Amino acid sequence: MNKWRIKKGDTVQVIAGQDKGVKGEVLRVLRDERRVVVKGVHVCTRHQKPSANNPGGLIKKEQSIHASNVMLIDATDNKPTRVGMKFVDGKKVRFSKRTGSVLN
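Residues numbered from 1 in each chain as written. Predicted model: local features only at pLDDT ≥ 70, side-chain atom pairs only at ≥ 80, totals over all residues. Heavy atoms only, no water.

## Quick word on the pattern of salt bridges
Working step 1: Counted under the stated rule, the structure contains two salt bridges.
Working step 2: Asp10 is the salt-bridge partner of Arg94, the closest N and O atoms lying 2.8 Å from each other. Residue Arg94 is located in strand E10 (residues 91-96), and its partner Asp10 is located in the segment before strand E1 (11-14); the two are separated by 84 residues in the primary sequence.
Working step 3: For the salt bridge of Asp77 with Arg98, the shortest nitrogen-to-oxygen distance reads 3.8 Å. Of the two residues, Asp77 sits in the loop between strand E7 (70-73) and strand E8 (80-81) while Arg98 sits in the segment after E10, which places them 21 residues apart along the sequence.
Working step 4: Its relative accessible area of 28% is what places Asp77 among the partly exposed residues. (Salt bridge = Lys/Arg side-chain N within 4 Å of Asp/Glu carboxyl O. Helix = DSSP H or I, 4+ residues; strand = E, 2+ residues; numbered from the N terminus. Buried < 20%, exposed > 50% of the residue type's maximum accessible area, 1.4 Å probe, protein only.)

The following block contains the structure:
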């Protein structure tokens, strides 16, 4: 079983690949494939047929990237950090290994 330190809604920074250095919000987590979809990262252009709900044409869509290529941003100093797990008052919480502060 894989340990997941990144959740939907987290702010992450890409640490490898063509979008290296870009920060964005996690839109989806694909646990089975060990991938995440980050807003504004790995954007591809797709051709879409028109339908009743969609006019069609060229649309831009974020594709998934591997979870090992992103690092969580610590809210206290706004820098990428590794994430650890610990128990606080009987609850398992994530904490920043850079500053030691508890993450949401």
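And the narrative resumes.
## Comments concerning the packing of aromatic side chains
Working step 1: According to the stated counting rule, one finds zero aromatic pairs in the structure shown.
Working step 2: The cationic tip of Arg34 hangs over the ring face of Trp4; the distance from NZ or CZ to the ring centre is 4.9 Å. (Phe/Tyr/Trp six-rings, centres within 6.5 Å; stacked < 30°, edge-to-face > 60°. Lys NZ or Arg CZ within 6 Å of the ring centre and 35° of its normal.)

## Quick notes on the layout of surface pockets
Working step 1: In this structure, the largest pocket encloses a volume near 210 Å³.
Working step 2: Looking at the lining of the largest pocket element by element, the count peaks at three residues for E7.
Working step 3: Looking at the second largest pocket, its volume works out to about 170 Å³.
Working step 4: Lining the second largest pocket are 13 residues, and of these Ile73, Asp74, Ala75, Leu103 and Asn104 sit closest to its centre.
Working step 5: Each residue belonging to the lining of the second largest pocket can be placed in one class, and the counts come to five nonpolar, five polar and three charged. (1 Å grid on protein atoms, 1.4 Å probe; cavity = no way out; pocket = protein on both sides within 12 Å on 5 of 7 lines; lining within 4 Å. Points joined across faces, edges and corners; volume = space filled by probe spheres on them. Nonpolar A, V, L, I, M, F, W, Y, C, P; charged D, E, K, R; others polar.)

## What about unusual backbone geometry?
Working step 1: The residue His42 is not glycine, and still its phi comes out positive at about 55°.
Working step 2: Looking at the element boundaries, His42 is found in the loop between strand E3 (35-38) and strand E4 (43-48).
Working step 3: His42 gets classed as partly exposed once you look at its relative accessible area, which sits at 28%.
Working step 4: Here the phi dihedral of Asp89 falls at roughly 55°; this positive angle occurs in a residue that is not glycine.
Working step 5: Within the element layout of this structure, Asp89 appears in the loop between strand E9 (83-88) and E10.
Working step 6: Here Asp89 falls in the exposed class, since its relative accessible area comes to 81%.

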